[in-house]
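If you want the building blocks of each chain, they are given just below.
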Amino acid sequence: MKYKGDYTTLTITQTGLGQLLNLTPGRINQLITEKIVVRDENKKGEVFLVESLKNYYQSKHSYSDDKGKAVNYWTEKGLHERAKRKMAELKLRKAEGELYEAAAVESLMTELLVNFRNKLLGVPSKLSPQLVGKTVEKINQILTEEIYDDLTELADGLENANFEDDAEINDTEI
């Protein structure tokens, strides 16, 4: 079919549009009320074909969310695919040892810090017999060496930390 002129002004009868889209006249009237099908006010019973078809197909890919807000299917599909991609990237980073579960890190850090705290709290009882009768400079030296030893042990613990745990990022679809 050839058409010369402004295709945006091309009109069709409501019945013709209904047959084209396989919709009942009642449904066409409903779409007119919803302003999806655009009526040509100059021609009684006719609608603008191009604009009505465009609106109809856009509305077919839109829906309302729980709050009644219109949501576009393709936008939501894109967001869903982005979330799946991010989950796959996280899983890959975890498999490559670049990413760890927060619970595993928290557990290991708690264990290391509790051990460090207990070591520091044990310093007075461990060193007090050695410090009796020493000069202030010697006491300072002994305490400093002990604290550095404990800090080195903490650093070694962090360096050799194994953050692996049994938790897995779920492979199921989002």
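What you see as residue numbers is a count from 1 along each chain, following the sequence as written. For a predicted model such as this one, the threshold for reporting local features is a pLDDT of at least 70, and the threshold for listing and counting side-chain atom pairs is 80 or more; totals across whole chains, interfaces and linings nevertheless cover every residue. Side-chain metrics rest on all non-hydrogen atoms present in the structure, leaving aside hydrogens and water.

Engineer: Please clarify how the overall build of the chain should be interpreted in this entry.
Structural biologist: Counting secondary structure elements, the chain contains 6 helices and 4 strands. Three labels apply to residues, based on accessible area from a 1.4 Å probe with only protein chains included: buried if under 20% of the type maximum, exposed if over 50%, partly exposed otherwise in between. Burial status across the chain gives 20% buried among its 174 residues. Contacts are assigned to residue pairs with any non-hydrogen atoms lying within 4.5 Å of each other. Long-range contacts, defined here as pairs at least 24 residues apart, represent 54% of the contacts in the chain between residues at least 6 apart. Runs of H or I in DSSP of at least four residues are treated as helices and runs of E of at least two as strands, each being numbered from the N terminus.

Engineer: Just to check I follow, could you spell out the environment of leucine 99 for this structure?
Structural biologist: Among the secondary structure elements, leucine 99 is positioned in the loop between helix H4 (73–95) and helix H5 (102–131). Judged by its relative accessible area of 24%, leucine 99 falls in the partly exposed class. In contact with leucine 99, other than residues within four places in its own chain, are Leu90, Arg93 and Lys94.

Engineer: What am I meant to see in the pattern of salt bridges here?
Structural biologist: Think of it this way: side chains of opposite charge can pair up when their charged atoms draw near. Criterion for a salt bridge: a side-chain nitrogen of Lys or Arg within 4 Å of a carboxyl oxygen of Asp or Glu. Under the criterion given, the structure shown has 8 salt bridges. Glutamate 81 is the partner of lysine 77 in a salt bridge, and the nearest nitrogen-oxygen pair spans 3.7 Å. Linking lysine 77 with glutamate 81, this pair stays in helix H4, spanning 4 residues, or about one helical turn. The closest approach of N and O atoms between glutamate 153 and lysine 119, which form a salt bridge, is 3.5 Å. Taken together, the positions of glutamate 153 in helix H6 (residues 136–159) and lysine 119 in helix H5 put the pair 34 residues apart, joining distant regions of the chain. Looking at glutamate 153, the relative accessible area reads 46%, which means it is partly exposed.

Engineer: Is there a simple way to think about a nonpolar patch on the surface in this case?
Structural biologist: To count toward a patch, a residue needs a relative accessible area over 30% and no salt bridge; like charges are then connected within 9 Å, while nonpolar side chains (Val, Leu, Ile, Met, Phe, Trp, Tyr) are connected within 5 Å. With residues, only the protein chains shown are counted as cover, and all accessible areas are computed by Shrake-Rupley using a 1.4 Å probe. There is a patch of nonpolar side chains on the surface, built from Leu120, Ile147, Tyr148 and Leu151 and spanning about 370 Å² of accessible area. It is H6 that contributes the most residues to the nonpolar patch, 3 residues altogether. Position of isoleucine 147 relative to the elements: it lies in helix H6. Residue class for isoleucine 147 comes out partly exposed when judged on its relative accessible area of 40%.

Engineer: I keep staring at the environment of tyrosine 56 and nothing clicks. Help me out?
Structural biologist: Residue placement: tyrosine 56 occurs in helix H3 (residues 49–60). Remark: the alpha-carbon pair of tyrosine 56 and leucine 31, spanning 25 residues in sequence, is separated by 8.2 Å. Once residues lying within four places of it in the same chain are set aside, the contact partners of tyrosine 56 are Leu21, Leu23, Leu31 and Ile36.

Engineer: Please clarify how H6 should be interpreted in this entry.
Structural biologist: Along an α-helix, residues three or four positions apart point the same way, because every turn accommodates 3.6 residues. A helix's residues, less one, multiplied by 1.5 Å, set its expected span. Taking 1.5 Å of rise per residue, 24 residues should cover 34 Å, and H6 covers 34 Å from first to last C-alpha, within 8% of that figure. For H6, every residue scored as buried is listed here: Ile142, Glu146, Asp150 and Leu154. Contacts from the buried residues of H6 go to H5.

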